[in-house]
Amino acid sequence: MDKNKKLMLSIALIAATAAAMMYFHRTGMVKQCTPEGIKGYVDSCGMLGPMIYMIMFSVIPSGAIIAIAGGMAFGMGLGTLYTMLGALIGATTAFYISRLLGRDFVMKLTRGRLKSFDEGAARHGFKLILVMRLIPIIPFNLISFGAGLTNMKFRDYLLATVLGIVPGVFVFTNLGDKAMDIQSPQFLVAVCVLLLLVAASIVFKRKFNLEAFQRRLSQDKAQ
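Owing to the predicted nature of the structure, the values given are computational and were not obtained by experimental measurement. (Residues numbered from 1 in each chain as written. Predicted model: local features only at pLDDT ≥ 70, side-chain atom pairs only at ≥ 80, totals over all residues. Heavy atoms only, no water.)

Section: the overall build of the protein chain
- Across its full length, the protein chain holds 11 helices and 0 strands.
- Mapped from its N terminus to its C terminus, the protein chain presents α and β elements in the order α-α-α-α-α-α-α-α-α-α-α.
- Considering only intrachain contacts with a sequence separation of at least 6, the fraction spanning at least 24 residues in the protein chain is 75%.
- Accessible surface computed for the protein chain: about 12400 Å², of which carbon and sulfur atoms make up 65%. (Helix = DSSP H or I, 4+ residues; strand = E, 2+ residues; numbered from the N terminus. Contact = heavy atoms within 4.5 Å. Areas by Shrake-Rupley, 256 points an atom, 1.4 Å probe, with all protein chains shown as cover.)

Right, dumping it as structure tokens:
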């Protein structure tokens, strides 16, 4: 792809993301991002509800809250599907914005918060992305931007993202689905599963060192 085409595609992706953010800001979904509010808004959109929800999930940072709303609005099955698709739309957009515009632009966009995401991701991208998606060591979009700066194959990045976000998406949409009857035993189980996920994330984040993990991957590859 030549330079002009890259620039035009980058502008289109950024413009689409900015337009979606402005739309949701005007609706109040950005400032008043609550599961009940999102469910009510999505329900009011009728047949466009699923599409609006997926776009919302792809651009608004409050992923956990929106996933709970997805479970409340669509139930466990469809809520999980729409949330997964929304996450993949956001992950793909950030990846290609980063890849098309390059390191200098992205470092400014993320205020230099990608220093720990080095070129090791290009050689061991699948394992690295999978670990970081499973446990939120780094914010979701920062991982997407960082991956786009490497030579990682998009196929590996996308597969690792899909596998990595399944547990979190399942837990939060399940909680939203069961929250429609907070007195049920199923809701209590859903809360306990969420607490287990949070506890595991805290323990893992305290023990995990990104640089050490990348060095270990490099050593395993050399052997």
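Regarding the pattern of salt bridges
- As enumerated under the stated definition, the model contains 3 salt bridges in all.
- Among the ionic pairs, Lys 39 bridges to Asp 43, the shortest N-O distance being 2.7 Å. Taken together, the residues span about one helical turn, with Lys 39 and Asp 43 both in helix H2 (residues 35-44) at a distance of 4 residues.
- A salt bridge links Arg 155 to Asp 156, with the shortest nitrogen-to-oxygen separation between them at 3.9 Å.
- Given a relative accessible area of 58%, Arg 155 falls into the exposed group. (Salt bridge = Lys/Arg side-chain N within 4 Å of Asp/Glu carboxyl O. Buried < 20%, exposed > 50% of the residue type's maximum accessible area, 1.4 Å probe, protein only.)

Focus: H2
- Regarding H2, the residues found buried are Pro 35, Ile 38, Lys 39, Tyr 41 and Val 42. Buried residues of H2, viewed axially, fall in a sector of 165 degrees; they line one side. Among the exposed residues of H2, those pointing more than 90 degrees away from its buried face are Glu 36 and Ser 44.
- Two residues or fewer after H2 comes Gly 46, characterised by a positive phi angle close to 60 degrees. (Arc of directions from axis to C-beta.)

Observations regarding the UniProt feature "transmembrane region" (unreviewed entry) in the protein chain
- Sites flagged by UniProt as "transmembrane region" (unreviewed entry) map to residues 51-74, 81-101, 121-145, 157-175 and 187-204.
- Strand forms 0% of residues 157-175 and helix 100%; the C-alpha atoms that close the span are 28 Å apart.
- The span residues 187-204 carries 100% helix and 0% strand; its end-to-end C-alpha distance comes to 26 Å. (UniProt positions renumbered as here; feature names shortened; annotations may be inferred.)

Notes on the packing of aromatic side chains
- Summed over all chains, the structure comprises 9 aromatic pairs.
- Centroid distance Phe 95 to Phe 154: 5.3 Å. Interplanar angle 55 degrees. Geometry classified as tilted. With Phe 95 in helix H4 (residues 63-101) and Phe 154 in helix H9 (residues 154-178), this pair connects stretches of sequence that are 59 residues apart.
- Owing to a relative accessible area of 0%, Phe 95 belongs among the buried residues under this scheme.
- Where Tyr 96 meets Phe 154, the ring centres are 5.1 Å apart and the plane angle is 45 degrees; that geometry is what we call tilted. One end of the pair, Tyr 96, is in helix H4; the other, Phe 154, is in helix H9, and 58 residues separate them in sequence.
- You can call Phe 154 partly exposed: its relative accessible area is 22%.
- A network of ring pairs unites the aromatic residues Tyr 53, Phe 57, Phe 74 and Tyr 82 as a single cluster.
- In this arrangement the basic side chain of Arg 133 is found over the ring face of Phe 140, its NZ or CZ atom lying 3.9 Å from the centre. (Phe/Tyr/Trp six-rings, centres within 6.5 Å; stacked < 30°, edge-to-face > 60°. Lys NZ or Arg CZ within 6 Å of the ring centre and 35° of its normal.)

Brief notes about the packing of helix H7 (residues 125-134) against H9
- Where H7 contacts H9, the two axes come as close as 8 Å, and the packing angle between them is 25 degrees. Our classification of the angle between H7 and H9 gives roughly parallel. As for how H7 packs across H9, the hand of that crossing is right-handed. From H7, Phe 126, Ile 129, Leu 130, Arg 133 and Leu 134 reach across to H9, where they touch Asp 156, Tyr 157, Leu 159, Ala 160, Thr 161, Leu 163, Gly 164, Ile 165 and Pro 167.
- Across the contact of H7 with H9, the residue classes tally to 10 nonpolar, 2 polar and 2 charged. (Axes fitted to C-alpha atoms, helices over the stretch in contact; angles between N-to-C directions. Parallel < 35°, antiparallel > 145°, perpendicular 65-115°, else oblique. Left-handed = near helix turned anticlockwise from the far one by under 90°. Nonpolar A, V, L, I, M, F, W, Y, C, P; charged D, E, K, R; others polar.)

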